[in-house]
Amino acid sequence: MDNSVYSVPFKRILLVKPSGRKGLSFAFDLIPIGLEYIAASIEDVVEQVHIVDMELDRRRFQECLDFYRPDLVGISLSATEHNETLGLAKAAKQSGACTVIGGYHPTSVPDLMLSHSQIDIVIHGEGEQTMRELVEQGTAENELGTSYVKNGKIIHNKDRPRIENLDTISFPARHLRQYPYKSADRVTNCDVIMMSRGCSGLCSFCCEPSMSNGCSRCRSPENVLQEILEMAQFHANKPLNVMFVDPNFIGNSRQVERLCDLLIEKDLNIEFGALVRADMMANNPRIVRKMCQAGIFKFEMGIESPNIKDLQSTRKGVAIKFHKQAVKNIRENGGRAGGTFVIGLPDQTEEEIKGFPVYAKEIGLTAAAFGIATPFPGTEFYAELDKQGLIFENNWDNFDEMHSVFKTNHLTKKAIEELATYCMAKFWNIDTFIDHEMVSQKRTLKKKSVVEFIQERSLNLGFMANNGNELQKGNFDQHIKTFLEAYVDPRVEAYTKTVGVHEAIEITKFLRVLGPQKIQCTLKLDDTTISFVFKTTSKSVKYIRVTYGRVEDSTVNLDIDLNWLANPSVSNLIKTPAYLFKNNLSVKKLWNTFRLFVAVGTEVLASTLSTSNSQK
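Procedures and definitions
Residues numbered from 1 in each chain as written. Predicted model: local features only at pLDDT ≥ 70, side-chain atom pairs only at ≥ 80, totals over all residues. Heavy atoms only, no water. Helix = DSSP H or I, 4+ residues; strand = E, 2+ residues; numbered from the N terminus. Buried < 20%, exposed > 50% of the residue type's maximum accessible area, 1.4 Å probe, protein only. Contact = heavy atoms within 4.5 Å. Areas by Shrake-Rupley, 256 points an atom, 1.4 Å probe, with all protein chains shown as cover. Lys, Arg positive; Asp, Glu negative; His and termini not counted. Charge placed at Lys NZ, Arg CZ, Asp CG, Glu CD. 1 Å grid on protein atoms, 1.4 Å probe; cavity = no way out; pocket = protein on both sides within 12 Å on 5 of 7 lines; lining within 4 Å. Points joined across faces, edges and corners; volume = space filled by probe spheres on them. Nonpolar A, V, L, I, M, F, W, Y, C, P; charged D, E, K, R; others polar. Pairing = 2+ DSSP bridges. Axes fitted to C-alpha atoms, helices over the stretch in contact; angles between N-to-C directions. Salt bridge = Lys/Arg side-chain N within 4 Å of Asp/Glu carboxyl O. Phe/Tyr/Trp six-rings, centres within 6.5 Å; stacked < 30°, edge-to-face > 60°. Lys NZ or Arg CZ within 6 Å of the ring centre and 35° of its normal.

J.: So what's going on with the overall build of the chain? Residues and values would help.
T.: Regarding its fold elements, the chain presents 26 helices and 21 strands. Overall size of the chain, expressed as C-alpha extent along the three principal axes, is 85 × 55 × 50 Å. Per-residue burial for the chain yields a buried fraction of 55% across its 616 residues. Put simply, 73% of the contacts in the chain that link residues at least 6 apart link residues at least 24 apart. Entry remark: accessible area of the chain is about 27500 Å², with carbon and sulfur atoms responsible for 54%. In the chain, 73 side chains carry a positive charge and 75 a negative one; their mean positions are 7 Å apart.

Dropping the structure here:
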């Protein structure tokens, strides 16, 4: 339907976040702040505006349409949400609503989106002012920043100039949220905030240059603080985890330092995270220290690769020499030094990629992610590969940084995807978790309890397993085998002998009850078997070893058949306890197993009592 048929103001607006976002971006994009900005910009000129997040909403989309009866449905999407968006837009059109879409993906491929009859209007670039004028005028004709179809022809209006003074934008309409957004612990509330838009970097694989063309703009620290205080009040001043979603948070270091000074004065109950560039973190140690003091201590840096040729080919613009110094500055202040790597670039080899997790540990990262190189429309990377005819994937669901979608010079699709699993396993080993706690103590000045430590690790592993199962359907068993084989690493034993686990985790009572033991936890999947061996005394953990097969001199054995966990059934559930303890049938091993359970129970009881007292 041509957009020209709409000629009256839109009054009932429904803004939609699809549920199709997957891959690495999923972890950083939980809350649709872009839609909340749009809602805030139009609230005073429409009768009603609602936001639904189809990731969390239990209703079918048709039920939402029937309930809100919108005359305009706005959808913000990424590439992986392309297919789902078409389905949502079709339902909206059939209900009589005008359909408007925006975001990086539609901005890059407006013609593709408008080739589908269920899409009426594409908003490219920033959407606040464009959407406001659109709902008031009821048409996209002569509207800056829009594309639409008229008389069978796609019309592209001129781009709207970027908003120069970001302080003029209304704060996101958080009051319209219908869902509790939680952190990884599933207890603490989380939120997101934006201090700046745009990035000075021009990385060839990044979508940001197509949106901002290297132009970065920053809000005033006072304006950001005002929003943070309102955000804290919105969450009833309870503990809160907040992510700065700026593509380069420390791009304007002077403004960031001023914000830190303001936050330090307020002493809020908020922990912040931010996306940053390694060169800025390396060159500004004083500001890094202030950020950690102000509660901004979780950092994600685009390390990308330890190889100069990769950084040059992607126009990263950050020299390798900055990596280690950036991490050092963060670690010295008890911060979380996270880094992302890009694997599967056209000329990378298996040997080079297997060196990535080793490099990540060598420079001291306490968190790392390994995403598969993905050519997103609108990027130089996409244009180059498309010109050479190397992109073989045409299903947008797989443009998620977890699937290989183009031909490379040395590696197959299967090899690249298994290497992503290998890198995750090789980095996220026990020594990394212990190191993370050692660094955190510099800021918290206290050890984490063994129960808290185990709970957090369970969440980490659960997230990886669920994400992997969702993204690698049909090949999950092979990825588990790759994970197990990569997990065997002599560096774990070397590290835990040098840095005692008992120095990183409060485990005194646990060890006193447990006593001297050699506990072996064995994981088996088909013909792949690995064991975790924990050697303890009544006062310390002497070492942790991850090895192939089994050791023979263990005092307690815990056996887990991953085939049963991968294929849950009542029969397997009944068999699991017997299999778990099948190698503890001697009197001595039964007694040692009993001591282990008493030690665990003691810690769980102490943790429960502590939590109960803290909530009173």
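J.: I'd like a description of empty space enclosed by the protein, backed by residues and values.
T.: Under the definition given, this model contains one cavity of 30 Å³ or more. Counted as a void, the largest cavity has a volume near 40 Å³. Its residues assigned to classes, the lining of the largest cavity shows four nonpolar, one polar and two charged.

J.: Explain the sheet that holds strand 19 (residues 528–536) to me, using residue names and the numbers behind them.
T.: An order of 20-19-18-21 is seen for the four strands of this open sheet, with the pairing classed as mixed. The open sheet terminates on both sides in strands that have one partner only, identified here as strand 20 (541–548) and strand 21 (556–561). On average, each strand axis in the sheet is tilted by 15 degrees relative to the strand beside it, whichever way the strands run.

J.: Please set out helix 11 (residues 285–293) residue by residue, giving values where relevant.
T.: For an α-helix, 3.6 residues make a turn, and residues three or four places apart therefore share a direction. Every buried residue of helix 11 is listed here: Ile287, Val288, Lys290, Met291 and Cys292. Looking at the packing, one finds that the buried side of helix 11 touches helix 9 (253–266), helix 10 (278–283), strand 13 (296–304), helix 13 (321–331) and helix 18 (430–444). Two residues or fewer after helix 11 comes Gly295, characterised by a positive phi angle close to 95 degrees.

J.: Give me the lowdown on the pattern of salt bridges, citing residues and values where you can.
T.: Enumeration over the complete set of coordinates arrives at 41 salt bridges. Put simply, Lys481 and Asp526 hold a salt bridge, and the shortest N to O gap is 3.2 Å. A residue pair is termed long-range when its members are at least 10 positions apart, and Lys481 in helix 20 (residues 476–487) and Asp526 in the loop between strand 18 (517–525) and strand 19 qualify at 45 residues. One salt bridge connects Asp553 with Lys518, and the closest N-O pair in it is separated by 2.8 Å. A residue pair is termed long-range when its members are at least 10 positions apart, and Asp553 in the loop between strand 20 and strand 21 and Lys518 in strand 18 qualify at 35 residues. Taking the relative accessible area as the measure of exposure, Lys518 reaches 9% and is therefore buried. Connected via shared salt-bridge partners are Glu36, Arg174, Arg177, Asp191, Arg219 and Glu227.

J.: Any chance you could break down the packing of aromatic side chains for me, citing the residues and the numbers?
T.: For any pair of aromatic rings, the description consists of the separation of the ring centres together with the inter-plane angle of the planes. This structure, assessed with the given rule, holds 14 aromatic pairs. Arranged with centres 5.5 Å apart and planes meeting at 85 degrees, the rings of Phe381 and Phe406 form a pair that is edge-to-face. Of the two residues, Phe381 is situated in helix 16 (residues 380–387) and Phe406 in the loop between helix 16 and helix 17 (413–427); the sequence distance between them amounts to 25 residues. Each member of the pair, Phe381 together with Phe406, is buried. Grouped by ring-pair contacts, the aromatic residues Phe341, Phe356, Phe370, Phe427, Trp428 and Phe433 constitute a single cluster. Just above the ring of Tyr422 sits the side chain of Lys354; from NZ or CZ to the centre is 5.0 Å.

These values are about where atoms sit, not about what they do.
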